[in-house]
Amino acid sequence: MFRNYFKTAIRNLLRNKSYAVINITGLTVGIAACLLIYLIVSYHLSFDTFHSKKDRIYRAVSEFRGEHEVTHSSGVPFPVPRGLREDFPELAKVAGILGSGNDQITVLDEHNQPGKKFKEARGFFFAEPELFEILDFNWLAGDPKTALSDPNTVVLTQEMAEKYFGDWHAAMGRSIKFENADILKVTGILENPPPNTDVPLKIVASFKTFKSPNLTDWVSIYSSHNCFVLLPENYPASRLSALLPGFVKKHKPAENAGDGILLQPLSNMHFDTRFNTLSRQTFSRELITALSMVGLFLLIVACVNFINLATAQAVNRAKEVGVRKVLGSDRKHLIIQFMGETFLITLLAVVLATGVASLVITSLNALLQIQLSLSFFNNLTIPVFLLAVTLLVTVLAGFYPALVLSGYNPITALKSKIAATTTGGLTLRRSLVVFQFAIAQVLIIGMLVVVSQMNYFKNASLGFTKDHILNVPIPADSAGRAKIDYLRAQLQQQPGVENLSFHFASPADNGNSSSDFKFGNTDKNSGFEANLKWTDVDYFKTYDIAFVAGKPFQPNDTVREFVVNETLLKKLGIKDPQEALGKRINLWDGIHVGNICGVVKDFHARSLRTPIDPIILAPSKAYYRAFSVKMHPDKAKETMAYIEKLWTSTYPDFVYEYQFLDEKIDNFYRRETQLSQLYTIFAAIAIFISCLGLYGLVSFMAAQRVKEVGIRKVLGASVGNIVYLFSREFTLLIIISFAIAGPLAWYLMTKWLQDFEYRIPLGAGIFLVAIAGSIVIAWITVGYRAVRAALANPVKSLRSE
């Protein structure tokens, strides 16, 4: 019996090729999109789940409660790990880890002579050996308990060991030089960490190697200094959390009473956007939910297509059903027959969707900068997911058409009297088209909002010039800073250099330093932190930063005067910038003291997600880490070549690198840019599938109204009249779908825009573009099938009358 069902299903699909192709195409596209979204979501949900003790691992993070706001940091003061071990000996393990960046590694030969030089943007860490008793990283060589117990020791991953030494076996016992200063001996080799970790180790030096005056400072915080805690078994995190306020009060001065330390579960680290991670990426659970819903809706839209097309074909199969019933088939067997056909189509679509996904997954990885894999052997959840999708789509897409087809009265069917009123409810099919286009329009509006917000980011005034400015780091040691004057003199002679400034960080930068301060003659802290910009006097001219009061500080290498921005004065309650001139600022209890000499207009020191920082600018050569060159646009190529040659000759032991400021700022919005491209793709897929649905419904209508069209043509109706007859109804359906999609999209995108301090207004223009675009696309889709119906010979349709 089942063999007969299978043969019949195959013959029917081959007989109705266009019907089968359209159905398979719609399902293939929908399932492929759903599969890719599943891979993205499961990838992010898998972060750091491979650690065997993950349920007992927490990260200590910082919270700062000011007078008007609460801020957070993923970092803690350097003494915190040691303090936790001493004050809470019952804890299983505590380990500190410090992430570094843009580090130079020099490979030393067997005689410790320098060889190849590498610049590592990320992946270098200083860590305590206890880290490897908390987190599970596989070791290929070395002892996890002792490899990092001594200063000047380092552990490499297999990838880095092979990069530096050719063979990871040969790396053991060899040495590398860090930042042309510390010689580190290789004492261990790690297996390459999986991509789904927020602790992306590549090079791990012993924490005892790290030198800083802040190692005993309980107040200063490096955001990249993290502390991991492993709780004992059956030790609730709430018990330690209750003790942490007393721990902070014991070690921090009274003026930092608003500081706190929280425990963040490892399972929440990847999703809590309040804190950064060592991989510098987070992915909110709200975003995971949104992507999951998009994938589910695309799958449902594809199923709706199937229903529309199957019921459109119902009239053509009415006699087949009648004959089968006359020959003894009951409704149950007919349902099995039609569900079997749906299963075959779905199965073929799943196979094709898997192929499509495998073809585009490389491009998707490049777009999102992640490492998705479609390997069935490495991820057994993929075949389970595809099986679930196959069964779900078979039921969703096949059950209703099977119910309709199997319910025909055999006498009515054999007399060819099956009409629209007896094919399962035209209203339902229209409702499904409305549902399809409502989803598509939500995605279209979302895509337009995200793209508009990205364009706003690119074109918004930041309060400074960002075009044609080249940022070049310099060695951070005293020898590197000693050559600043020489570099300045040489660069100022280059005709392509319009302006030049040495500084700690550019106006908008990821590398920011913040601190509270004392203002005026009071000994009380400001109650909020200011972003510190250490820079020379040419900074303002290079970046076209405007003054609203006073003037720049005098050229100097040490702090004697300060320039502040308008936001800092607002937080201090000063309305007139002139009032601030001459007022005293005390940084770090007298280390840097001076008077305010100028006030600049506000500019954005971070991304437009956040409010403008209060900013203090001051000259201090000891903190300079880079220089910026504003180049003449017509001489950029020659100027860049000259800068590289000069830099390389000045610092021959270091690797030259640079970055344009506008590219650095674009990186602030990398995640939003990726999402805008994803939403654009999903919106296009939804439109494509919805148009197939429209084609299915207009095919159904054309089949049902073939005699009506013939009569209208005989009575003088033109092709335009016939096309209008079909298009009018679908235009109304699109408008109804917009009435549903518009408010929903407005709510969702308003909520999304709230994550940005500076955002576009959600005006009517975006919604008008969405509805107009949907109507035009629908007209094109309907018009094609309607024209075919209008051009049909009326004699053929009326011959039987």
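Residues numbered from 1 in each chain as written. Predicted model: local features only at pLDDT ≥ 70, side-chain atom pairs only at ≥ 80, totals over all residues. Heavy atoms only, no water.

## Points about the overall build of the chain
Selection criterion: Secondary structure elements are taken from DSSP: a helix is a run of H or I of four residues or more, a strand is a run of E of two residues or more, and numbering for both begins at the N terminus. Under the scheme applied here, a residue whose accessible area is under 20% of the maximum for its type counts as buried, over 50% as exposed, and between as partly exposed, the area being computed with a 1.4 Å probe on protein chains only. Contacts between residues were defined by any pair of non-hydrogen atoms, one from each residue, lying within 4.5 Å. Throughout, the Shrake-Rupley method with a 1.4 Å probe supplies accessible areas, and for residues the shown protein chains are the sole cover considered.
Scanning the chain for helices and strands turns up 26 helices and 25 strands. Within the chain, the fraction of its 801 residues that count as buried is 53%. Sequence separation of at least 24 residues holds for 79% of the intrachain contacts in the chain that already meet a minimum separation of 6. Summing over all exposed atoms, the chain offers an accessible surface of approximately 35,900 Å²; the carbon and sulfur share of this is 57%.

## Quick look at helix 3 (residues 80–87)
Each full turn of the α-helix corresponds to 3.6 residues, which orients residues three or four apart in the same direction. Note the following rule: Arc definition: it is the arc formed by the directions from the helix axis to the C-beta atoms.
Of the residues making up helix 3, those classed as buried are V80, P81, G83 and L84. Projection of helix 3 onto a plane perpendicular to its axis shows the buried side chains occupying an angular sector of 165 degrees, all on one side. Buried residues in helix 3 make contact with strand 3 (93–99), strand 12 (225–230), helix 7 (237–251) and strand 13 (259–265).

## Considerations on the packing of aromatic side chains
The criterion, for reference: Pairing of aromatic side chains here covers Phe, Tyr and the six-membered ring of Trp, requires ring centres within 6.5 Å, and sorts the geometry by plane angle: under 30 degrees stacked, over 60 edge-to-face, intermediate tilted. Here, a charge over a ring is recorded when the distance from Lys NZ or Arg CZ to the ring centre is within 6 Å and its angle to the ring normal is within 35 degrees.
Under the defined criterion, the tally for this structure stands at 38 aromatic pairs. Above the face of the F271 ring, R285 is positioned so that its terminal group lies 4.0 Å from the ring centre.

## Details of the state of the cysteines
Rules: Counting rule for disulfides: a pair of cysteine sulfur atoms within 2.5 Å.
This model, assessed by the stated rule, comprises zero disulfides. Summary of cysteine pairing: C34 is not part of a disulfide, and the nearest cysteine sulfur, belonging to C303, is at 9.5 Å. Residue C34 is classed as buried on the basis of its relative accessible area, which comes to 9%.

## Regarding the side chain of T209
So the rule is basically this: Think of a polar contact as two N or O atoms within 3.5 Å of one another; within protein, one of them needs to be a possible hydrogen donor and the other a possible acceptor, and neighboring residues in sequence only count if both atoms come from side chains.
Its location among the elements puts T209 in the loop between strand 11 (203–206) and strand 12. Engagement of the side chain of T209 in a polar contact is seen with the side chain of S206, the distance being 2.7 Å.

## Thoughts on the packing of helix 16 (residues 484–492) against helix 20 (residues 636–650)
Put simply, the rule reads: In this description, a line fitted to the C-alpha atoms serves as the axis of each element, helices being fitted only across the stretch in contact, and the angle between N-to-C directions of two axes falls anywhere from 0 to 180 degrees. Oblique is the label for every angle not falling under 35 degrees (roughly parallel), over 145 degrees (roughly antiparallel), or within 65 to 115 degrees (roughly perpendicular). Left-handed is the label given to a crossing in which the near helix is rotated counterclockwise from the far helix by less than a right angle, and right-handed is the label when the rotation is clockwise. As a working rule, the residues Ala, Val, Leu, Ile, Met, Phe, Trp, Tyr, Cys and Pro are called nonpolar, Asp, Glu, Lys and Arg charged, and the rest polar, with Gly in that last group.
Close contact between helix 16 and helix 20 brings their axes to 11 Å; oriented N to C, the two are set at 155 degrees. As judged from the angle between their axes, helix 16 and helix 20 are roughly antiparallel. Handedness of the helix 16/helix 20 crossing: right-handed. Side by side, helix 16 and helix 20 meet where Y486, L487, Q490 and L491 of the first sit next to Y642, I643, L646 and T650 of the second. Grouping the amino acids of the contact of helix 16 with helix 20 by side-chain chemistry returns six nonpolar, two polar and no charged.

## Regarding the environment of A476
Turning to its location among the elements, A476 is positioned in the loop between strand 14 (469–473) and helix 15 (478–481). Here A476 falls in the partly exposed class, since its relative accessible area comes to 41%. Put simply, A476 and F504 are 28 residues apart on the chain and 9.9 Å apart in space, counted from C-alpha to C-alpha. When neighbours within four sequence positions are excluded, A476 is seen to be in contact with R481 and R625.

## Looking at the environment of P144
Summarising the element assignment, P144 is placed in the loop between strand 7 (139–141) and strand 8 (153–157). On the accessibility criterion, P144 (27% relative accessible area) is partly exposed. Separated by 13 residues in the primary sequence, P144 and L131 place their C-alpha atoms 9.1 Å from one another. The residues contacting P144, other than those within four sequence positions of it, are P129, F132 and W139.

## Description of the pattern of salt bridges
Our working definition: Every case where a carboxyl oxygen of Asp or Glu lies within 4 Å of a side-chain nitrogen of Lys or Arg is listed as a salt bridge.
Evaluated as defined, the whole model comprises 20 salt bridges. For the salt bridge of R671 with E672, the shortest nitrogen-to-oxygen distance reads 3.7 Å. Among the residues examined, R671 registers a relative accessible area of 32% and is labelled partly exposed. Among the ionic contacts, a cluster of salt bridges with common partners joins R488, D536 and D538.

## Structural notes on the pairing of strand 23 (residues 615–618)
Let me state the cut-off plainly: Paired strands are those between which DSSP finds at least two bridges.
Side chains I615 and L617 of strand 23 all project onto a buried face; the interleaved residues I616 and A618 project onto the opposite face, where all are buried too. Sheet analysis places strand 18 (residues 530–534) next to strand 23, joined by four bridges and oriented parallel. Paired with W534 across the two strands is A618, which belongs to strand 23. When strand 20 (residues 561–565) meets strand 23, the two strands line up antiparallel, connected through two bridges. Across the sheet, residue V563 finds its bridge partner in strand 23, namely L617.

## Comments concerning the packing of helix 3 against helix 7
Relative orientation of the contacting elements helix 3 and helix 7 amounts to 115 degrees, with a least axis distance of 12 Å. By crossing handedness, the relation of helix 3 to helix 7 is classed as right-handed. The segment helix 3 lies against helix 7, with V80, G83, L84 and D87 engaging L244, F247, K250 and H251. When the residues that make up the contact of helix 3 with helix 7 are grouped by side-chain class, the tally is four nonpolar, two polar and two charged.

## Details of helix 20
This is how the line gets drawn: Any helix carries an expected span of 1.5 Å times its number of residues minus one.
With 15 residues, helix 20 ought to run about 21 Å at 1.5 Å a step, and its terminal C-alpha atoms sit 21 Å apart, in line with that. Here the buried face of helix 20 lies against strand 14, helix 16, strand 15 (497–503), strand 24 (626–631) and strand 25 (659–660).

## Notes on the side chain of R488
Looking at the element boundaries, R488 is found in helix 16. Within the structure, R488 has its side chain in polar contact with the side chain of D536 (distance 3.0 Å). Among residues more than four places away in sequence, those in contact with R488 are L500, F502, D536 and D538.

## Quick word on the sheet that holds strand 24
Read from one edge to the other, the open sheet built from four strands follows the order 15-24-14-25, with strand pairing classed as antiparallel. In this open sheet, the two edge strands, each paired with only one partner strand, are strand 15 and strand 25. Both strand 14 and strand 25 contribute to a ladder of two bridges, which runs antiparallel. Pairing of L470 across the sheet is with F660, part of strand 25. In this fold helix 16 packs onto strand 15 and strand 24, with an angle of close to 170 degrees to the strand it touches most, strand 15. The strands touched by helix 20 within the sheet are strand 14, strand 15, strand 24 and strand 25, with strand 24 carrying the most contacts at an inclination of about 155 degrees.

## Concerning a nonpolar patch on the surface
Cut-off, in case you're wondering: Patch rule: a residue counts if its relative accessible area is over 30% and it has no salt bridge; like charges are joined within 9 Å, and nonpolar side chains (Val, Leu, Ile, Met, Phe, Trp, Tyr) within 5 Å.
Together, F343, L347, V351, L387 and L391 give the surface a local cluster of nonpolar side chains, amounting to about 450 Å² of exposed area. Listed by contribution, the elements that provide at least two residues to the nonpolar patch are helix 11 (331–368) and helix 12 (381–406). The biggest single contributor to the nonpolar patch is helix 11, with three residues. Positionally, V351 belongs in helix 11.

## So, unusual backbone geometry
Located in the positive-phi region is N102, a residue other than glycine, with phi close to 55 degrees. Here N102 lies in the loop between strand 3 and strand 4 (103–108). N102 gets classed as partly exposed once you look at its relative accessible area, which sits at 41%. Here the phi dihedral of D589 falls at roughly 55 degrees; this positive angle occurs in a residue that is not glycine.

## A few points about the nonpolar core
Formally: As used in this record, nonpolar core signifies buried Ala, Val, Leu, Ile, Met, Phe, Trp, Tyr and Cys residues forming a set joined through side-chain atoms within 4.5 Å.
In terms of nonpolar packing, the biggest core is built from 115 residues, with L298, F464 and F682 touching the most fellow members. With 16 residues, helix 14 (residues 426–459) is the largest single contributor of residues to this core. Not counting residues within four places of it along the chain, the set of residues in contact with F682 comprises I37, L291, V294, L298 and L443. One finds L98, V107, A141 and W168 within the second-largest nonpolar core, a separate group that totals 25 residues.

## Details of the confidence of the model for the chain
To keep things clear, this is the line we draw: A score from 0 to 100, pLDDT tells how confident the predictor is in each residue.
In this model, the chain carries an average pLDDT of 84, and 85% of its residues clear a pLDDT of 70 or more. At the low end of the mean pLDDT range in the chain sits helix 13 (residues 410–414), at 49; at the high end sits strand 12, at 96. Taken as a whole, residues 417–425 scores under 50 in pLDDT and shows 23 contacts with residues more than four places along the chain or in a different chain.

## Describing the environment of Y38
Looking at the secondary structure, you find Y38 in helix 2 (residues 17–45). Note: C-alpha distance between Y38 and I288 (250 residues apart in sequence) is 9.9 Å. Beyond its immediate stretch of four places on either side in the chain, Y38 contacts T381 and F385.

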